[in-house]
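Each chain is listed here by its residues.
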Amino acid sequence: MITVDLDHSSVRDLNERLHRLPPETNEKAWRIVNPKGAHALCAGLSVPIEVVIDGHPGYYCAGMNKEASIVVNGHCGVGLAENMMSGEVRVKGNASDAAGATGRGGLLVIEGDAGLRCGISMKGIDIVVGGSVGHMSAFMAQGGSLVVCGDAGSSLGDSIYEARLYIQGKVESLGADCVEKKMTPHHLAKLERLLARAGIEADPRRFKRYGSARRLYNFHVDHADAY
Amino acid sequence: MCGIVGLFLKNPALRPSLGRHLSHMLVEMTERGPDSAGIAVYHKPVKGKASKLTLFHADPHFHWREVGGAVGEALKAEVDIETKANHVVMTVSAPDATVRGWLKAHHPEIRIMGYGQVMEVYKDMGLPKQVAERYGLSKMEGTHAIGHTRMATESAVTTEHSHPFTAASDMCLVHNGSLSNHNNLRKWLRKRGHEFETDNDSEVAARYFAHRLSEGASLAEALEAGLKDLDGFYTFTMGTRNGFAVLRDAFACKPAVLAETDDWVAMASEYRSIANLPGADKAAVWAPAPAVVYTWDVKAAA
């Protein structure tokens, strides 16, 4: 295991080292200490390595992640794992706003709570939250799944295109065009697999499923008079 | 973009190091605001009817001694002057309203940065580190302090446009965001006798909260009222003689982190300002919820 202490190394140096690793690297296990709210920590990784961060990173931690597996023993700032492509990011604490924003693939697990706009414009990422999410989560979501074991704040799934939302607790309100949908055996099995992959214990049968009513896809001729 | 920091000490043993900790917090917010910085420190209360005013004049060689003498003579009061760069702290054995009235009439060119019995306010152009050093922030003791680092996007980079804004005795406000109804609100406040010193929307918010407090609202009630009357984006941190408060608008677009231990409460735009406080790694850390008022009280904490 290679340990990097950010009290003695800059984030830029660390990220550059990680970016230069070839796909077949033997330096597969990394530990980062003293992140102290630094931005863009481990952003843009693209090889299958394992990174553990001890402490609280700042904005855009693990952004654009590809292939790497990143575990944070702490809380994360805004934009955690934004635009993630693949791999896995796991946060043992809470995440701030816009976690998993625009994510295209991979698995993001937040064991605590996520802030506002979790999964905003998600495009294929799977997000599993052990706690609750704030308002406007999955805003304009286009693909992937958002699993919330706690509650969801107001306007969940506002202007959602696709993506599947599974919420166990209360939903304060649904956003425009987001509706509750039937939980079929197919969806139950998917949710069960997601929870198992995330290593979060919960009974899939206690969740409700939400998604797009698909009424905003096309211009509706009844609204022609409005213009 | 701007940076906000605030530190409220619950454990009196930490009071001698208030300024040192706030200084580190402020410097961490340099990237969010390299143009200018401002601080309000609740610090060395004056007794009885005495008051202290933090005053500013652009001329570093301004004749403060003469002004102090004239104040003393006119108000038959004892006056003490402590100079810090182009600010002075004027302590007068008279109520602050009387001193402010005299200064406005005889020296309208002097800017009153802050007034009351406890609070001192310093704001200046330059990097947060330079401003903190210029005013000896790291040596200041006290109960609570608030800081702001500014990156101007619309209005000018001047000392006048810097935060914190003061609108009542020992009251100050820092703001990250922008208000959309500040013109109407300014008119509304002018009708109720409030005078404005800048065109800044944050000054409107400061005077609005001062107005609510003057009507008898508690700190929490004043902020609750703000949720209805202020339209726009904001993360506010406000100080009063005994109080410390944080409020975000209902959309919560502007960042904020709160952290609390048995010894202190810290507020910052980003966690990195909090990371080096003693015991930060064990603190409860959370993002203040949208449209929820958070307050702390010096007397309740002690």
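For the structure itself, look to the data block above.
Residues numbered from 1 in each chain as written. Chains lettered and ligands numbered in written order. Predicted model: local features only at pLDDT ≥ 70, side-chain atom pairs only at ≥ 80, totals over all residues.

(A) Main features of the overall build of chain B. Scanning chain B from N- to C-terminus turns up eight helices and 16 strands. Computed over its C-alpha atoms, the radius of gyration of chain B comes to 18 Å, within 12% of the 19 Å expected for a compact globule of 302 residues. Across its three principal directions, the C-alpha atoms of chain B cover 55 × 45 × 35 Å. In chain B, the proportion of contacts linking residues at least 24 apart, taken out of those at least 6 apart, comes to 71%. (Helix = DSSP H or I, 4+ residues; strand = E, 2+ residues; numbered from the N terminus. Rg over C-alpha atoms; globule rule 2.2 N^0.38 Å. Contact = placed C-beta atoms within 7 Å.)

(B) Quick peek at the sheet that holds strand β4 (residues 69-73) of chain A. All names here are of chain A. If you trace the eleven strands from one edge of the open sheet to the other, you get β1-β2-β3-β4-β5-β6-β7-β8-β9-β11-β10, paired in mixed fashion. Looking at strand neighbours, the two that pair on one side only are β1 (2-5) and β10 (178-181), the edges of this open sheet. Shown here is a sheet whose adjacent strand axes are inclined to one another by a mean of 15°, direction ignored. Sheet analysis places β1 next to strand β2 (residues 29-33), joined by four bridges and oriented parallel. Residue pairing for β2: T3 is matched across the bridge by R31. (Pairing = 2+ DSSP bridges. Axes fitted to C-alpha atoms, helices over the stretch in contact; angles between N-to-C directions.)

(C) Seen up close, the interface of chain B and chain A. Taken together, the contacts link twelve residues of chain B with 14 residues of chain A. Tallied by class, residues from the side of chain B that touches chain A come to eight nonpolar, one polar and three charged. (Nonpolar A, V, L, I, M, F, W, Y, C, P; charged D, E, K, R; others polar.)

(D) Representation of helix α1 (residues 18-28) of chain B within the structure. Residues and elements named next belong to chain B. In terms of burial, α1 is largely enclosed, as nine of its eleven residues are buried. Every buried residue of α1 is listed here: L18, G19, H21, L22, S23, M25, L26, V27 and E28. Against β1 (2-9), β2 (36-42), α4 (128-134), β8 (144-150) and β14 (264-268) lie the buried residues of α1. (Buried ≥ 20, exposed ≤ 12 C-beta atoms within 10 Å, placed from the backbone.)

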